[in-house]
Amino acid sequence: MNTSLLSVEGLSKDFKYFTFGTVDFHVEIGTVVALIGENGSGKSTLFRLLLNILHADEGKITFFGEDRQVDDAQFKQSVGYAGNLLDAFPYISIKELSHMISYWYDNWNEDRYRYFCERYAIDERMKFGRCSTGIKKKVEFILSICHNPKLLILDEPSSGVDIKSQRKMKEDIIEFMEDGTRSTIIATHSVDEITHLSDILIVLHDGKIVNSMNKDDIYENWARVWVSDLKESIINHTNTVDVMYDSKQIITNHLPNLEQMLTTENITITHTQSLKIGEVIDYLIPQN
Amino acid sequence: MIQQAMWLARKEIKQQFVPFLFTMAVTSFFATATTLQLSMAVEYIFGEGSTDYKSLFLDLIFLLITPSFAAIFMSSPYLTFRTIKEDPFSKRMALFRALPISIKTLALSRIIIMLITFLSLSIIFYLIISIGLTQLSPTYLTPMEWMSFMVFWFGYALAIGGYNSFIEYGTNGRVLYIVPTIILLSFFLFWYFFRRITDRSVVELSLLMIKEYQWIPAITFLLIGIAGCTFWYYLLSNRLRRRDYL
């Protein structure tokens, strides 16, 4: 059985001052992928390439095993995207905007749209250009989810959104994922979103994927370890990520391997502590 | 596909209703100014009028302005230099590209917008001139000749006008400003040499041609116009398939 919803192979694009890719990754059905990285690392570029808003130089994108290019419009029927594109129509109301977008989707659910507008307190009469950043983000989110997509692509959906609505968004994404047949890719800087929503973390840096891992693996393998002694072999061990000499602390990305090595070296572990996602992210994102 | 393209075109024109009205008003102004000059040109060529009319103005109107009737030229992207940086046409297309709309539908909708704009503005333009000319110089051009003249220039503008859609949606904000500037400069160069070689303006020559060949040049240019329109559709489709929208 094919469990891959989206597969990206050899995706690349050259810009004047930036090279994106080559990027390869897969999105399994039923998973939430968190795309993390510094500003300008290529997260939005990746989304735009996926949706053909930018034309890739190289690469193949398959959706449920089918080449996306074969029927681009059909592919987009199954994709919901919230990525700051609505600003192109500042002069029309949210109602007009929703009408202009909903027309193109076979599965548009108007009741669901009404429900979300009420849930997020959206005044449809407002011109989009006059909305605050938070309201714009909420409208984008609503318009991306009401046609029951198979793949939801969210570019920093909660940036500038009030805390209450952030919580609602999180609930709605969890509900969206509930039946296990859909997937979400979310570009985010929010540790809270990564912690509560994602299954897989992909780290982009300078247009390239530098890390890709299962969130559960992070909880299992990443740890802060206090040891009785610091030897060269431990400091230079492949699974040692960071060392704090004063307090004899080691940050490891694979606790079982490190433990084995420490036993071999006759070094005692005095204390172990799991790392929080936010702490791990600091180590995953390379520093410029 | 046609139905969807029509729907999108109607929707966008409705959104641009106020700029569209302003464009109509400015077109009416152009038409009024043209009427007087054209009447003088007709009198000069076929009667005993003086040469003291603005042949450059007439050539500018018919060669450059009438193809611009294919664009809502009084809308904000044409009136502010912010367009160079913000590129509003591409941004709109980026949203459409993220929706399940095929490239063919998208390109066709652009051509339909162009045609609706072009037909509306051309009708206003030629209607005003027609009414004005019947008041000013009824004897020199027969209604048939006047019709041929209109169809001739309508066909020309239709053939060229599609470039507006291509520039708006196929390129970026910078090109939207650069290309018209290049065209304007090229026009003055062309006009200068044309005038020196033929001792006539382009509009004068077109009037003489219509007088002599009646419908033939008009029909020819109308066909060229239709072919041009089709050409711009394919060119735009091709471009939309390959371009970056942001």
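Since the model is a prediction, treat every value here as computed from it, not as a measurement.

S.K.: Could you clarify how one ought to interpret the overall build of chain B in this entry?
M.R.: Scanning chain B from N- to C-terminus turns up 11 helices and zero strands. In chain B, the succession of α and β elements from N to C terminus is α-α-α-α-α-α-α-α-α-α-α. A compact globule built from 246 residues should have a C-alpha radius of gyration of about 18 Å, and chain B, at 19 Å, falls within 12% of that. Here the C-alpha coordinates of chain B stretch approximately 60 × 35 × 30 Å along the principal axes. In chain B, the proportion of contacts linking residues at least 24 apart, taken out of those at least 6 apart, comes to 84%. Measuring between centres, the 20 positive side-chain charges of chain B sit 17 Å from its 13 negative side-chain charges.

S.K.: It is not clear to me how empty space enclosed by the protein should be interpreted in this structure. Could you clarify?
M.R.: To find leftover empty space, one rolls a probe the size of a water molecule over the atoms. Applying the stated criterion to the full structure yields three cavities of 30 Å³ or more. Approximately 160 Å³ is the volume attributed to the largest cavity. Taken together, 17 residues make up the lining of the largest cavity; nearest its centre are B:Ile72, B:Phe89, B:Ile113, B:Glu168 and B:Tyr169. Within the residue set of the lining of the largest cavity, elements represented by two or more residues are α1 (2-15), α6 (88-98), α7 (103-136) and α8 (143-170) of chain B. Broken down by class, the residue content of the lining of the largest cavity amounts to nine nonpolar, four polar and four charged. In this structure, the second largest cavity occupies an estimated 130 Å³ of space. Every residue lining the second largest cavity is counted, 16 residues in all, and those nearest its centre are A:Tyr81, A:Leu86, A:Ile101, B:Leu95 and B:Leu99. Secondary-structure elements contributing two or more residues to the lining of the second largest cavity are β6 (79-82) and α5 (133-145) of chain A together with α6 of chain B.

S.K.: I would appreciate a short explanation of the packing of aromatic side chains in the present structure.
M.R.: We describe a pair of aromatic rings using the distance from one ring centre to the other and the angle between the two ring planes. The tally for this structure, following the rule as stated, stands at 36 aromatic pairs over all chains. Where A:Tyr103 meets A:Trp104, the ring centres are 4.9 Å apart and the plane angle is 85 degrees; that geometry is what we call edge-to-face. Note on A:Trp104: relative accessible area 2%, which makes it buried. Both rings, one in B:Phe166 and one in B:Trp232, keep their centres 6.0 Å apart while their planes meet at 40 degrees; by these two values the pair is tilted. Taken as a pair, B:Phe166 in helix α8 and B:Trp232 in helix α11 (residues 215-242) lie far apart in primary sequence, 66 residues in all. Given the relative accessible area of 16%, B:Phe166 is considered buried. Taking the relative accessible area as the measure of exposure, B:Trp232 reaches 15% and is therefore buried. It is A:Arg119 that lies over the ring of A:Tyr120; its NZ or CZ is 5.8 Å from the centre.

S.K.: Would you mind going over the domain arrangement of chain A with me for this structure?
M.R.: Many descriptions give the size of an interface as the accessible area lost when the pieces come together. Residues and elements named next belong to chain A. Taken as a whole, chain A is organised into domain 1 (4-217) and domain 2 (222-284). Taking only C-alpha atoms into account, the centre of domain 1 sits 36 Å from that of domain 2. Between domain 1 and domain 2 the total buried area reaches about 630 Å² when both faces are included, carbon and sulfur atoms providing 79% of it. Between the two partners, domain 1 and domain 2, sit one residue pair in polar contact (both at pLDDT 80 or more). Looking at the side of domain 1 that touches domain 2, its residues break down into seven nonpolar, two polar and two charged.

S.K.: I tried to follow a nonpolar patch on the surface on my own but got confused; where do I start?
M.R.: Residue and element names in this part refer to chain B. Residues Met 144, Met 147, Trp 215, Ile 219, Leu 223 and Ile 226 make up a contiguous nonpolar surface patch of roughly 560 Å² in combined accessible area. Those elements that place two or more of their residues in the nonpolar patch are α8 and α11. For the nonpolar patch, the element with the highest residue contribution is α11, accounting for four residues. When you line up the elements, Met 144 lands in helix α8.

S.K.: What is the right way to look at the nonpolar core in this model?
M.R.: Generally speaking, soluble globular proteins have nonpolar side chains that are buried together. Grouped together as the largest cluster of nonpolar side chains are 153 residues, with contacts concentrated most on A:Leu6, B:Leu38, B:Phe62 and B:Trp153. Residues from two domains meet in this core; each of domain 1 (4-217) and domain 2 (222-284) of chain A gives at least three. Those residues in contact with B:Leu38 that sit more than four places away from it in its chain are B:Leu58, B:Phe62, B:Ile129, B:Leu133, B:Trp146, B:Phe149, B:Val203 and B:Leu207. The next biggest cluster of nonpolar side chains, apart from the first, holds 12 residues, and it includes A:Val225, A:Ile250, A:Leu255 and A:Leu262.

S.K.: Any chance you could explain the pairing of strand β9 (residues 200-205) of chain A here in plain terms?
M.R.: Residue and element names in this part refer to chain A. Within β9, five of the six residues are buried, which leaves the element mostly enclosed by the surrounding structure. Here strand β3 (residues 32-36) runs beside β9; their pairing, made up of four bridges, is parallel. From the neighbouring strand, Val 33 faces β9, where its bridge partner is Ile 200. Relative to strand β10 (residues 208-214), β9 is paired through six bridges, and the arrangement is antiparallel. Looking across to β10, one finds that Leu 204 is bridged to Ile 209. In sequence, β9 turns back onto β10 through a hairpin of two residues, with Asp 206 there showing a positive phi of about 50 degrees.

S.K.: Please clarify how the UniProt feature "domain: ABC transporter" (unreviewed entry) in chain A should be interpreted in this entry.
M.R.: Under the UniProt annotation, the feature "domain: ABC transporter" (unreviewed entry) is placed at residues 3-231 of chain A. Each end of residues 3-231 of chain A is marked by a C-alpha atom, and these two atoms are 45 Å apart; helix forms 33% of the span and strand 29%.

S.K.: Hey, could you run me through the interface of chain A and chain B in this one?
M.R.: Opposite the 25 residues of chain A that make contact, chain B presents 25 residues. Approximately 2,400 Å² of surface area, both sides summed, lies buried where chain A meets chain B, with 68% of it carried by carbon and sulfur atoms. In this structure, the connection of chain A to chain B is made through two salt bridges. When the shortest N-O distance is used, the salt bridge between A:Asp72 and B:Arg97 registers 3.0 Å. Where chain A meets chain B, there are nine residue pairs in polar contact (both at pLDDT 80 or more). Only α2 (72-77) and α3 (94-102) of chain A provide two or more residues apiece to the side of chain A that touches chain B. Counted by class, the side of chain A that touches chain B contains 16 nonpolar, four polar and five charged residues.

What counts and what doesn't
- Residues numbered from 1 in each chain as written.
- Chains lettered and ligands numbered in written order.
- Predicted model: local features only at pLDDT ≥ 70, side-chain atom pairs only at ≥ 80, totals over all residues.
- Heavy atoms only, no water.
- Helix = DSSP H or I, 4+ residues; strand = E, 2+ residues; numbered from the N terminus.
- Rg over C-alpha atoms; globule rule 2.2 N^0.38 Å.
- Contact = heavy atoms within 4.5 Å.
- Lys, Arg positive; Asp, Glu negative; His and termini not counted.
- Charge placed at Lys NZ, Arg CZ, Asp CG, Glu CD.
- 1 Å grid on protein atoms, 1.4 Å probe; cavity = no way out; pocket = protein on both sides within 12 Å on 5 of 7 lines; lining within 4 Å.
- Points joined across faces, edges and corners; volume = space filled by probe spheres on them.
- Nonpolar A, V, L, I, M, F, W, Y, C, P; charged D, E, K, R; others polar.
- Phe/Tyr/Trp six-rings, centres within 6.5 Å; stacked < 30°, edge-to-face > 60°.
- Buried < 20%, exposed > 50% of the residue type's maximum accessible area, 1.4 Å probe, protein only.
- Lys NZ or Arg CZ within 6 Å of the ring centre and 35° of its normal.
- Domains from an automatic or database assignment.
- Buried area = accessible area lost by both parts, 1.4 Å probe.
- Polar contact = N/O pair within 3.5 Å; in protein donor to acceptor, adjacent residues only side chain to side chain.
- Patch = residues over 30% accessible without salt bridge, like charges linked within 9 Å, V, L, I, M, F, W, Y side chains within 5 Å.
- Areas by Shrake-Rupley, 256 points an atom, 1.4 Å probe, with all protein chains shown as cover.
- Salt bridge = Lys/Arg side-chain N within 4 Å of Asp/Glu carboxyl O.
- Core = buried A, V, L, I, M, F, W, Y, C linked by side-chain atoms within 4.5 Å.
- Pairing = 2+ DSSP bridges.
- UniProt positions renumbered as here; feature names shortened; annotations may be inferred.

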